[in-house]
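# Breakdown of the fold
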Amino acid sequence: MNGKWLVSGSEDNSIKLWSTESWELIHTLQGHEGFVLSIEFSPNGKWLGSASYDNLVKIWSTDNWEVLHTMTGHEASANVVCFSHDNKWIASGSDDRTIKVWSTNVENVIHKIVGHVDKITGLDFSHDGNWLVSCSGDSFVKLWSTQTWEVIQTLPTSGHNVNVVKISKDGKYIAAGLANSSIQICSFDSWDEVCLLNGHEQSVMSLTFSSNTKWLASGSFDKTIRIWSIDNWTLMKTLPGHTSCVISIKFTADDRLLISGSYDCTVKVWSTEDWSLQPQKNDTSSRGNGHRYFS
């Protein structure tokens, strides 16, 4: 979500574009031949990146919604995609256990990162551009230097699979969502564990930090969203409403809204003022087929 548009990816292989003013469906992007598993806008708003079960990564122009680049090279499903904050790179993680870093201007792999021994489930660039963090089904979180693309730190998670990893906007914390229903919070500087957040009843599948560094939001297989205070790492609010796993979650850039996507094929909008569910002029839950991954 970039303020004007919300995009959702689906099991019908398509990407749908919605207006955030009217919630009208304004465009459908076709091009992938497998489930669309991850989508993200570039920080400059010029591109949309997508990763798919068809092993491909695509970059779409937000001017005309045409495909600019199709990246090939993964030998299995491309699970996750993210842009660096200077817009130079797009990184992808795959079931083939590799991370690939591509220039946003060409379709060739710039760097191939090998180090995990199971599928890559999450990626995030630090806001200063110096680091890339990854997580995997191998139960490890790894930190990579974007200068050398060498691993700098490896964080064990007590043998629990890691589904998602995020770096806070101020660069102070790393949050890892675990299959055992907890969230591991680590200091970015020392890599020491700060705390373990418990509250969800099933696997944590999605995480997002607010830009104002006040909140961490988490989505889970238990169908709920939980809002945590970063000041003292306490649970502030539990948001019910979805009827299946909350697979995708993100704050808007101004932190006024929280958007969530679910296996129940709905996208919900929540006000951060009182954490209430917002009415939508046109209900996205009635549209598409399994649209649950969004940006």
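One can find the structure itself at the top, above this paragraph.
The sections below set out a description of the structure shown in this document.

A few words now on the pattern of salt bridges. By the definition in use, this model includes two salt bridges. Here Arg226 and Asp222 are joined by a salt bridge, their closest N and O atoms 3.8 Å apart. A salt bridge links Arg256 to Asp254; the shortest N-O distance between them is 2.8 Å.

Further remarks concern the side chain of Thr104. Relative to the elements of secondary structure, Thr104 occurs in the loop between strand S10 (98–103) and strand S11 (109–114). Not counting residues up to four positions away in its chain, the partners in contact with Thr104 are Trp47, Ile59, His69, Phe83, Asn87, Lys88, Trp89 and Ile90.

Here the structure, examined in full by the defined rule, presents twelve aromatic pairs. Judged by centre distance (6.3 Å) and plane angle (25 degrees), the rings of Trp89 and Phe125 are stacked. With Trp89 in strand S9 (residues 89–94) and Phe125 in strand S12 (residues 120–125), this pair connects stretches of sequence that are 36 residues apart. Classification of Trp89 as buried rests on a relative accessible area of 13%. Their ring planes at 65 degrees and their centres at 6.2 Å tell us that Trp131 and Phe188 sit as a pair that is edge-to-face. Residue Trp131 is found in strand S13 (residues 131–136), and its partner Phe188 is found in the loop between strand S18 (183–187) and strand S19 (193–197); the two are separated by 57 residues along the sequence.

Conventions used here
- Residues numbered from 1 in each chain as written.
- Predicted model: local features only at pLDDT ≥ 70, side-chain atom pairs only at ≥ 80, totals over all residues.
- Heavy atoms only, no water.
- Salt bridge = Lys/Arg side-chain N within 4 Å of Asp/Glu carboxyl O.
- Helix = DSSP H or I, 4+ residues; strand = E, 2+ residues; numbered from the N terminus.
- Contact = heavy atoms within 4.5 Å.
- Phe/Tyr/Trp six-rings, centres within 6.5 Å; stacked < 30°, edge-to-face > 60°.
- Buried < 20%, exposed > 50% of the residue type's maximum accessible area, 1.4 Å probe, protein only.

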